[in-house]
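Chain and residue survey
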Amino acid sequence: MQKLDVETVHRITSRNKLRQYASPKKGRARILPFAQPRMRAGAEIAPEASFFVGGSCFARNIERALAFGGLPVLSSSEDTPMPSPPGQIAKWFNKFNTDTLLNEMRWAVQPEADFGVPSLVEFEGEYSDLQIGWSFAHKQEQAEFLRRAYCGAYSGANEADVVIITLGSIECWYDCEQQIYLNGMVPKRVSEQMPGRFEFHCFDFEDAYASLQRVYDHVMARPGKKPVLVFAVSAVAQPATYGAEDALVSNMASQAIQRAAAEQFVREHEDCWYFPAYEYCLLSDRRYSYHENTFNHVQQPVMDRAVANMLEAMQGPSEVQSIIAARGLVADHNSAGDPDKALAAVEKHDETYGDSAGLDVVRAQTFAAHDRHEAALPYYMRAARSEKFGTYSLWSTAVSAALRCKRPELAAEIVAIAEERGNDPERLAVLKERAATAAPAIAAAPEPSAPQLPRDELIRIHDTYKELLGSDPQRVVNELGEMLETGKLADDRFVWLYARALTKTDAPQAIAFLRELCAGEFKYMASAENTLNNLVAREQRLGRAV
């Protein structure tokens, strides 16, 4: 219990400008249209500070925001030799309870532990890595190689200036033989072959607090300068519960216990901080916080805004913080169909940081989101030429923008930049092929005809089939496919909607269709490539030819 005298309370509250909860008349903008809670200031870090973020996919959202600002992120390295295509490595670093994350951080700096290799579980000739997930199974030699490489990627926790830990579920699985927590439940057929080895633990407040203490003791025991240690509660819901309660109820209880434990721990440890990313998500309208097709995973824009607030609390206003905040605000305004507010958000940050490649990216995305591709292209090009924001993701988007605007010479310029600065031959080859293949087609293509349907009708059709995507994807395939084939519809939005419906009805046809899209010029290229990679990986796991 925290006890304060009256004078101390008066002194604290007189300095707290945000002590009153927002209301329709006062502080409305702190809640609507999306919440903007503030992190307590005091933890000061240098502009060049490096970050390690551990936890579930919520942690990956934080990493993406930091990386967009060009900050050094030492976690979830894409260079880790995991069995996934480029851009898909990070998913293997999702940790669903704090103690599983702690296992990796300990093993990474304890060579005598052999990076946790003894924790591999053998079953039917393969070795499963239960620190990652039961399905992550390989032959012994490969499993041991991947385990050492994977755990070695956690060494960043011992080097970063800022360590951020996102707290996941209180429902945990325990290996009684190895005496370690696991990243998920083992299948029934396995537990039946190993009776008594695996056990379910549901943490209470004391357990959750003790878990934070174990993390704190490890992180602060490292030699040299101590990091800034930050805790955040994950706003991502657990997909299912192992208890008797409704999953909606148990998830709320899980997050409440973790939030209470984090609050108490931070109060008692002056060198720890609480990052209110959870509050950003929970207090906002769901359309700005959660993906409509999953309900439990958060959108990137809300995390951009949350991370920007964290950086401002730690560093004060900066170009990096401004860029990340602008991307989050712009994306939310774009989602709300308000391009004017989106552009106004960019212009606000432009006043201070006008010559910024990061803001060029945000501005270009705003124009592109509203089909103003000619206006977007110059900003994509300027950002692509920037050394700070030169990445394959940006170069790929810039190539798509150039090809969409029928400027193959600009696409060739971007390929040349990627060839000079890039270090990934496979992605460079894909970029080259796209630009080279599209150039002759652009030269031979006739001028596009005028739209056959008014804009309001196109919006109505799109919203109708988007709603049907979850309930009747076959109807979307049949009806939307016919309209695309007859030329009634041609916009890439409808092509992408059709492709998504195919993934739910006919995987082989979807793979073939997505490969065609990825070989050409397509507005949603990044999403198409990501979906294709995931679909191919799923079919391969099921033993199907692709």
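Our subject is the structure listed above.
Just so it is clear, the model here is predicted, and its values are computed rather than measured. (Residues numbered from 1 in each chain as written. Predicted model: local features only at pLDDT ≥ 70, side-chain atom pairs only at ≥ 80, totals over all residues. Heavy atoms only, no water.)

Let's talk about the overall build of the protein
Selection criterion: Starting at the N terminus, helices and strands are each numbered in turn, a helix being any DSSP run of H or I of at least four residues and a strand any DSSP run of E of at least two. For the radius of gyration, the atoms used are the C-alpha atoms, and the globule rule reads 2.2 Å times the number of residues raised to 0.38. Accessible area is worked out with a 1.4 Å probe on protein chains only. A residue is then buried under 20% of its type maximum, exposed over 50%, and partly exposed in between. Whether two residues are in contact is decided by their heavy atoms: any pair within 4.5 Å suffices. Per-residue and other accessible areas were derived by the Shrake-Rupley procedure at a 1.4 Å probe size, with only the shown protein chains allowed to occlude residues. Two residue types count as positive, namely Lys and Arg, and two as negative, namely Asp and Glu; His and chain ends fall outside the count. Charge positions are represented by NZ for Lys, CZ for Arg, CG for Asp and CD for Glu.
A count of helices and strands for the protein gives 22 helices and 10 strands. Against the compact-globule benchmark of 24 Å for 546 residues, the protein has a radius of gyration of 25 Å, which places it among compact chains. Considering only C-alpha atoms, the protein reaches an extent of 75 × 65 × 50 Å along its principal axes. Burial analysis of the protein (546 residues in total) assigns 50% to the buried set. Of the contacts made within the protein by residues no fewer than 6 positions apart, 65% connect residues no fewer than 24 positions apart. Per element, the accessible surface of the protein, about 27,000 Å² overall, is 51% carbon and sulfur. In the protein, which carries 59 positive and 74 negative side-chain charges, the distance between the mean positions of the two groups comes to 5 Å.

Re the sheet that holds strand β4 (residues 133-138)
Inclusion rule: A pair of strands counts as paired when DSSP detects no fewer than two bridges linking them. Orientation is described by axes fitted as lines to C-alpha atoms, over the contacting stretch for helices, and by angles from 0 to 180 degrees between their N-to-C directions.
One open sheet holds the 3 strands; their spatial order is β2-β3-β4, and the pairing between them is antiparallel. The two strands at the open ends of the sheet, each matched to only one other strand, are β2 (121-123) and β4. Here the strands of the sheet are splayed against their neighbours by 40 degrees on average, with no regard to which way each runs. Inspection of the sheet shows strand β3 (residues 126-129) paired to β4 by 3 bridges, in the antiparallel sense. Its bridge partner lying in β4, D129 is registered against G133. Packed onto the sheet, helix α4 (residues 140-152) meets β3 and β4 and runs at close to 120 degrees relative to β4.

Quick look at the packing of helix α3 (residues 98-108) against helix α6 (residues 205-220)
Stated formally: For classification, angles of less than 35 degrees are called roughly parallel, those exceeding 145 degrees roughly antiparallel, those between 65 and 115 degrees roughly perpendicular, and all remaining angles oblique. Crossings are sorted by hand: turned counterclockwise from the far helix by less than a right angle, the near helix makes the crossing left-handed, and turned clockwise it makes it right-handed. For this classification, Asp, Glu, Lys and Arg are treated as charged, while Ala, Val, Leu, Ile, Met, Phe, Trp, Tyr, Cys and Pro are nonpolar and the rest, including Gly, are polar.
Packing of α3 against α6 brings their axes to within 10 Å, and their N-to-C directions diverge by 20 degrees. Classified by the angle between their axes, α3 and α6 sit roughly parallel to one another. In the packing of α3 onto α6, the handedness of the crossing is left-handed. The residues of α6 that touch α3, namely those facing T98, D99, L102, M105 and R106, are S211, R214, V215, H218 and V219. A per-class count over the contact of α3 with α6 returns 4 nonpolar, 3 polar and 3 charged.

Let's talk about the sheet that holds strand β5 (residues 162-167)
Judged by pairing direction, the sheet is parallel, and its 4 strands sit side by side in the order β1-β5-β9-β10 without closing on themselves. At either margin of the open sheet sits one strand with a lone partner, and together these are β1 (51-54) and β10 (272-274). Across the sheet, the mean angle from the axis of one strand to that of its neighbour is 20 degrees, orientation sign disregarded. Here 4 bridges tie β1 to β5, and the two strands are oriented parallel to one another. Residue pairing across strands places F51 opposite V162, the latter belonging to β5. Each of β1 and β5 touches α3; the most contacted strand, β5, lies at about 145 degrees to it. On the sheet, α6 packs against β5, β9 (228-233) and β10 and is oriented at approximately 155 degrees with respect to β9.

Notes on unusual backbone geometry
Not every positive phi belongs to a glycine, and F115 is a case in point at roughly 55 degrees. Among the structural elements, F115 can be located in the loop between α3 and β2.

A closer look at the pattern of salt bridges
Selection criterion: Within this document, salt bridges are pairs made up of a side-chain nitrogen of Lys or Arg and a carboxyl oxygen of Asp or Glu, the two lying within 4 Å of each other.
For the structure on display, the rule yields 23 salt bridges. In this structure, R38 and E312 form a salt bridge, with 3.0 Å as the shortest nitrogen-oxygen distance. With a gap of 274 residues between them, R38 in the loop between α1 (6-15) and β1 and E312 in helix α10 (residues 300-315) connect regions that are remote in the sequence. Judged by its relative accessible area of 44%, R38 is partly exposed. Look at E312 and you get partly exposed, because its relative accessible area is 26%. For R197, the salt bridge is made with E177, and the minimal N-O distance between the two is 3.6 Å. A residue pair is termed long-range when its members are at least 10 positions apart, and R197 in the loop between α5 (188-193) and β8 (198-202) and E177 in the loop between β6 (171-175) and β7 (180-182) qualify at 20 residues. Look at R197 and you get buried, because its relative accessible area is 11%. We classify E177 as exposed; its relative accessible area is 54%.

A closer look at the packing of aromatic side chains
Worth spelling out the cut-off: Working definition: a ring pair exists when centres of Phe, Tyr or Trp rings (six-membered ring for Trp) sit within 6.5 Å. Plane angles under 30 degrees give stacked, over 60 give edge-to-face, the rest tilted. By definition here, charges over rings are those cases where NZ of Lys or CZ of Arg is within 6 Å of the ring centre and within 35 degrees of the ring normal.
Per the counting criterion, the structure on display carries 16 aromatic pairs. Among the aromatic residues, ring-to-ring pairing joins F205, Y209, Y216, F231 and F265 into one connected group. Over the ring of F68 we find R327; its NZ or CZ atom is 4.0 Å from the centre of that ring. Above the face of the Y379 ring, R363 is positioned so that its terminal group lies 4.6 Å from the ring centre.

What about the environment of F198?
Tracing the chain through its elements places F198 in strand β8. Judged by its relative accessible area of 15%, F198 falls in the buried class. Separated by 23 residues in sequence, F198 and D175 place their C-alpha atoms 4.8 Å apart.

Details of helix α16 (residues 408-421)
Quick note on the threshold: For a helix, the expected span equals 1.5 Å multiplied by the residue count minus one. To be clear, the arc concerns the directions from the helix axis to the C-beta atoms.
In this model α16 runs 20 Å from its N-terminal to its C-terminal C-alpha over 14 residues, within 8% of the 20 Å that 1.5 Å per residue would give. Within the sequence span of α16, burial applies to L410, A411, I414, V415, I417 and A418. Across the axial projection of α16, the buried residues extend over an arc of 155 degrees, all falling on one side.

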